[in-house]
Amino acid sequence: MTVFRSLERRIAVVFVGLLVFVMVLMLLIVGRSSEVIIGAESQRQLAAGARNFSNLIERDRRQLELAASVLAGDFGFREAIATQDRATVLSVLRNHGSRIGARMMMILSLNGEVLFDTRRPAEASHTFLFQALLDRAKQEERSGDVVLMEDMRPYQIVIVPIMAPVRTAWVVMGFPVEDTWAEEFSRSSGLDVSVVSAAGGIRASSLPPALRQALTAVQWEALDEQPKQLTLAGYHYHAVSLALGSQARVLLMLSLERSEAVFRNLEHILFIIAACSIGLFVVGSFSLARRIAGPVNHLVRAAQRFEAGDYSPAATVSAPDEIGQLAASFEHMRAGIAAREQKISRLAYEDTLTGLPNRTRLTESLSALGPDDHAVIAVLDLDRFAPINDALGHRVGDSLLQLVGSRLLEIMPQGGMLARLWGDEFAFLIEKAEPETARQFAERLLEALRKPIDIDGQKLDVSGSIGMAFYPDDGCDMDVLLRRAELAMYAAKQRQCGCMFAAEVGEGPPPEQLSLIGEMRQALECNQFVLYYQPKLDLAANQVVGAEALLRWQHPERGLIPPGNFIPFAEKTGFIREITPRLLEDIAAQAASWRERGMQLVLSANLSARDLLNPGLVRLMRELLETYGLSPQALCLEITESALMEDPMLAQAHLAELAGIGLKLSIDDYGAGQASLAYLKSLPVHELKIDQSFINSLALSPKDAAIVRSTVALGHALGLSVVAEGIESQTDLDWLREVGCDIGQGYFIARPMPAADFSAWLTRRALI
Amino acid sequence: MSKWVLAALPVAMLGWACAANAASINAMVRTPDGIPVEDAAVVLNPASGMPRPALRRATIEQRDREFQPYLTIVTKGTAIDFPNRDPFKHHVYSFSPPNVFEIKLYADKPAKPILFDKSGEVVLGCNIHDWMEAHVLVVETPWFAKSGADGSATIKHLPAGAYRLRLWHPRQRAVVADVKVELKSTDAQHFDMTIDVAPRAVVKKPPPDAGGY
Ligand SMILES: [Cu+2]
């Protein structure tokens, strides 16, 4: 029932319902009781009325008899009667009769002859009709009854003797039983009084004419002294019938409507009281319910707000009762949750170092953009952060990032967002930006970074490169947009032109590669990057002296992905900087493991230009050697010729440092680049690896063979050992041994293999 | 008044004169149950030649709120005095057709006696005291007697001759038939007579100390 959904209604409905129930019950009981009481009361009243009526009749009779006796004793009356003069006697009878209201007067002789009759003065004497009454009078000195006269009209008559002083005659006095008579009795008994003759005619009644008419239809015979129900012209009565004298009956009726009227009145009052109290109760219980449910509803609404993520404080419920306590607990809970959520969201959406929004936050804001919005994503990467961080330490680096963040924040346009993506990479999200305003913004950014940053009194020069991508022109997907902006940034960095738009850089890598960064990051976390090792054979001693660690991506869906398919991209996007340290550590661990088992192998790792230019590399290598207890000669770092050429000076400086540690260094893919001999000569390297394109074409191109031969010679001349990779045949191997190439590497010797297989392979080779 | 008192004397003398050669009758009046009846009138009417009655006087006193005596038998033409012996007034009346009269409230003795000159039964009442009742039987003959408490009535000094003996009582239930009587000069006849009498009407007399009226 929906009515009971709300506490307020339920309380009110239950309370009011109970009261209504009680009231209805009370009214029903009162109604029922009053019916019973009316029934009993009306019977009692009727019985009392009937008794009263009999008493009244008796009293009336006595009074009449007394009056008649007094009259009969009147001397003048007796004297006049004694005259026996007809006219005189009649006139005396009339005169004295009128004194007591008798309408009929008779003088009877002692033996019952009617001597005089006021109604029929001229009539001769005749026998008195009611001898029985006379006989009773002879016995009792007087008698009275209600009788029907010759004209069938009822009379109350009394017979008293005329004493002079002995009984000399009888005087009969008659009083007509008329409506006035009935009305008088009705007044004194409280009942409706009707007189009916034995023959059935209504002779007198206190009832109004209409009811008297209805009374003629009543079955008299059915009525007696016991109260019976009687319906008269639609009105209800209790009625009894009593004998009135020997020839008439009197019908006494009590109107139920009149009896009920009192109770109806009581019921009306009760009903009004009930209605009023229900009304009061409705108001009262609603207000009580509201007082109870109001705070609860308040809490419910507050809880709904919390659910929706609104943790603003609810208006407090200050009641001292349980609800107040609940509200207080609720408020504590709210504050706790709000604090925790704030903390969580800060952790989730904020960069802890700078306090700026993080990448996740930025991504969400990007996702929130609608199809009609316009926005620009600007990715900024600091150009000179790495050397600063390396030279001055992490604390300075961190401070620098914080200062840069706050400086960027200063120039951020209204409504924009500044996030730190990672490392020294920041991103702006600016809505409703056009290319022109975006470019101006980029100019301001670069301008802002041109001012040196002061850290502990040290002025540091930082510059940055910016890449911009427009929503939705350059893509709607946030990953795509961010990636394209990053690509544009890399392009700008490469060209050192400050800022580039994604549109100017082009589509960039195929979509497959766009998602590559994410996948690579995941691969790194899930150890999908594995190292394969390819043996390096000392050609003169025909002995395995080392192995080159080659990166493989064991992709869960695409299988083994060759390094050519992702390394260039990783290098281009800089992700390689995240991969390389892990690889280096793995290699160091492997070298240590093998050396422990007596395998004195020099393991080579490939470094990209980015890795090489990373100022932290030297420290990393030093830590690895220390951690794994390796001698520096156990590891060799291979750097491609093109990597060296990205920043030859810095590369040279770093190589010098690495060599200073004692690490072996190798120039990879030698011959493919444009490194000058003079430059090579200045590098502290120990090994030259001839680009395998030369080795592959040894048998076909004498020219390449010549180059190889001269390169070997050149290497030896510079004091370097020369490595040939890509050896695919015995012929090539033999030829290379012949020209003095120190070390060989290639499928013919062995394919790259997982570390576990490598040791097995090595054991097998030793047995041969 | 004194003239009436003197007139009574010859009657007494006449009675004494006839006493020597007179007959007498004695009647014993009882109810059918044999109870002696008081105040019954025994009257002898001569069969022929009614003597001229002498004028007589009689007295009915009102004493102690009662008539005294209850029954008075008089010869026609008798004047009756109604002396009041009570300290308050009475109002004596009679509505009996032979002698209707009324002596309105009086004390002591009324100025005139009432003359009863028609024979018949007269009922006396008092308008003030309803229970007061007295009867006067006015007869033609001078020979009559009233029974005493023992029911006995005696008539003396009767001349011989034929008579009709009448028995009457104020409260008799029925008329008793006359009895023919032959009297010799010295007879003394006795009659046992029966009459049915109603008890005296119960009109209660209040005690005198209740007001003394
Ligand atoms: Cu009197």
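Residues numbered from 1 in each chain as written. Chains lettered and ligands numbered in written order. Predicted model: local features only at pLDDT ≥ 70, side-chain atom pairs only at ≥ 80, totals over all residues. Heavy atoms only, no water.

## Some points on the overall build of chain B
Counting its secondary structure elements, chain B contains one helix and 17 strands. The proportion of buried residues among the 213 residues of chain B is 46%. Within chain B, counting contacts between residues at least 6 apart in sequence, those at least 24 apart form 67% of the total. Carbon and sulfur atoms make up 56% of the accessible area of chain B, which totals about 10,900 Å². (Helix = DSSP H or I, 4+ residues; strand = E, 2+ residues; numbered from the N terminus. Buried < 20%, exposed > 50% of the residue type's maximum accessible area, 1.4 Å probe, protein only. Contact = heavy atoms within 4.5 Å. Areas by Shrake-Rupley, 256 points an atom, 1.4 Å probe, with all protein chains shown as cover.)

## Section: the confidence of the model for chain B
Low-pLDDT stretches of the model should not have their predicted coordinates read in fine detail. All names here are of chain B. Averaged over every residue, the pLDDT of chain B is 82; residues scoring 70 or more account for 85%. Below a pLDDT of 50 lies the segment residues 1-20, which in the model reaches 17 contacts outside its immediate sequence neighbourhood of four places, other chains included. Two numbers describe this predicted complex: its pTM, 0.48, and its ipTM, 0.77. (pLDDT = per-residue confidence, 0-100.)

## Overview of the packing of aromatic side chains
Applying the stated criterion across every chain, the model contains 20 aromatic pairs over all chains. Consider the rings of Phe75 of chain A and Tyr93 of chain B, whose centres lie 5.1 Å apart with planes at 70 degrees: the pair is edge-to-face. Here Phe75 of chain A is found in helix 2 (residues 75-83), whereas its partner Tyr93 of chain B is found in strand 8 (residues 90-94) on a different chain. Pair check on accessibility: Phe75 of chain A and Tyr93 of chain B agree, each one buried. Through a chain of ring-to-ring contacts, three or more aromatic side chains come together here, namely Tyr533, Trp594, Phe758 and Trp761 of chain A. Across from the ring centre of Tyr532 of chain A, 5.5 Å away, lies the NZ or CZ of Arg552 of chain A, which sits over that ring. (Phe/Tyr/Trp six-rings, centres within 6.5 Å; stacked < 30°, edge-to-face > 60°. Lys NZ or Arg CZ within 6 Å of the ring centre and 35° of its normal.)

## A word on the coordination of the copper ion
Residue and element names in this part refer to chain B. Taken together, His90 (ND1), Cys126 (SG) and His129 (ND1) make up the protein donors of the copper ion, found 2.0 to 2.4 Å from the metal. Mapping the donors of the copper ion onto the primary sequence gives the spacing H-x35-C-x2-H. Of the two residues examined, Cys126 and His129, each falls in the buried class. (Donors = N, O, S within 2.8 Å, 3.2 Å for Na, K, Ca; no water.)

## Focus on unusual backbone geometry
Residues and elements named next belong to chain A. Between Ala164 and the following residue, Pro165, the backbone shows a cis peptide bond with an omega angle of -10 degrees. Residue position: Pro165 is located in the loop between strand 5 (154-163) and strand 6 (167-176). If you check the backbone angles, Glu141 has positive phi at about 75 degrees while not being a glycine. On the secondary structure map, Glu141 appears in the loop between helix 4 (131-140) and strand 4 (143-148). The class of Glu141 is partly exposed, set by a relative accessible area of 34%. For Asn542, which is not a glycine, the phi torsion comes out positive at approximately 50 degrees. Summarising the element assignment, Asn542 is placed in the loop between strand 19 (529-538) and strand 20 (543-555). Taking relative accessible area as the criterion, Asn542 reaches 40% and is therefore assigned partly exposed.

## So, the environment of Asp398 of chain A
Considering the arrangement of structural elements, one finds Asp398 of chain A in helix 11 (residues 394-411). Remark: the alpha-carbon pair of Asp398 of chain A and Asp424 of chain A, spanning 26 residues in sequence, is separated by 9.5 Å.

## Remarks on the confidence of the model for chain A
Residues of chain A with pLDDT of at least 70 account for 97%, and the chain-wide mean is 83. Put simply, helix 15 (residues 511-514) of chain A is where chain A has its lowest mean pLDDT, 53, and strand 27 (residues 743-745) of chain A is where it has its highest, 92.

## Comments concerning the interface of chain B and chain A
When the parts come together, some accessible area is lost, and that loss is often what is quoted as the size of the interface. In this complex, chain B contributes 12 residues to the contact, which on the side of chain A involves eight residues. When chain B packs against chain A, the two sides together hide about 910 Å² of surface, and 68% of this comes from carbon and sulfur. The largest contributions to the chain B side of the interface with chain A come from Tyr93, Phe95 and Asn127 of chain B, which together make up 54% of the buried area. Along the contact surface separating chain B from chain A lie zero salt bridges. (Buried area = accessible area lost by both parts, 1.4 Å probe. Salt bridge = Lys/Arg side-chain N within 4 Å of Asp/Glu carboxyl O.)

## Considerations on a nonpolar patch on the surface
Residue and element names in this part refer to chain A. Taken together, the side chains of Leu7, Val14, Phe15, Leu18, Phe281, Leu288 and Ile292 make up a nonpolar region of the molecular surface, amounting to roughly 540 Å² of accessible area. Listed by contribution, the elements that provide at least two residues to the nonpolar patch are helix 1 (7-73) and helix 7 (256-307). Here Leu288 shows up in helix 7. You can call Leu288 partly exposed: its relative accessible area is 35%. (Patch = residues over 30% accessible without salt bridge, like charges linked within 9 Å, V, L, I, M, F, W, Y side chains within 5 Å.)

## A short note on the sheet that holds strand 14 (residues 152-158) of chain B
Residues and elements named next belong to chain B. Taken in spatial order, the three strands line up as 14-1-17 in an open sheet, and their pairing is mixed. Among the strands making up the open sheet, the edge pair consists of strand 14 and strand 17 (188-194). Adjacent strand axes in the sheet meet at a mean angle of 15 degrees when their direction is disregarded. In this structure, strand 1 (residues 23-30) lies alongside strand 14, joined through five bridges in antiparallel fashion. Following the sheet pairing, Ala23 is matched in strand 14 by Leu158. (Pairing = 2+ DSSP bridges. Axes fitted to C-alpha atoms, helices over the stretch in contact; angles between N-to-C directions.)

## Observations regarding the pattern of salt bridges
Tallying each qualifying case throughout the model produces 33 salt bridges over all chains. The closest approach of N and O atoms between Lys689 of chain A and Glu725 of chain A, which form a salt bridge, is 3.5 Å. With a gap of 36 residues between them, Lys689 of chain A in strand 25 (residues 687-690) and Glu725 of chain A in strand 26 (residues 721-725) connect regions that are remote in the sequence. One exposure class covers both Lys689 of chain A and Glu725 of chain A, and it is buried. Residues Arg166 of chain B and Glu121 of chain B are paired through a salt bridge, measuring 3.5 Å at the closest nitrogen-oxygen approach. Taken as a pair, Arg166 of chain B in strand 15 (residues 161-168) and Glu121 of chain B in strand 11 (residues 120-126) lie far apart in primary sequence, 45 residues in all. Residue classification places Glu121 of chain B among the partly exposed residues on the basis of a relative accessible area of 40%.

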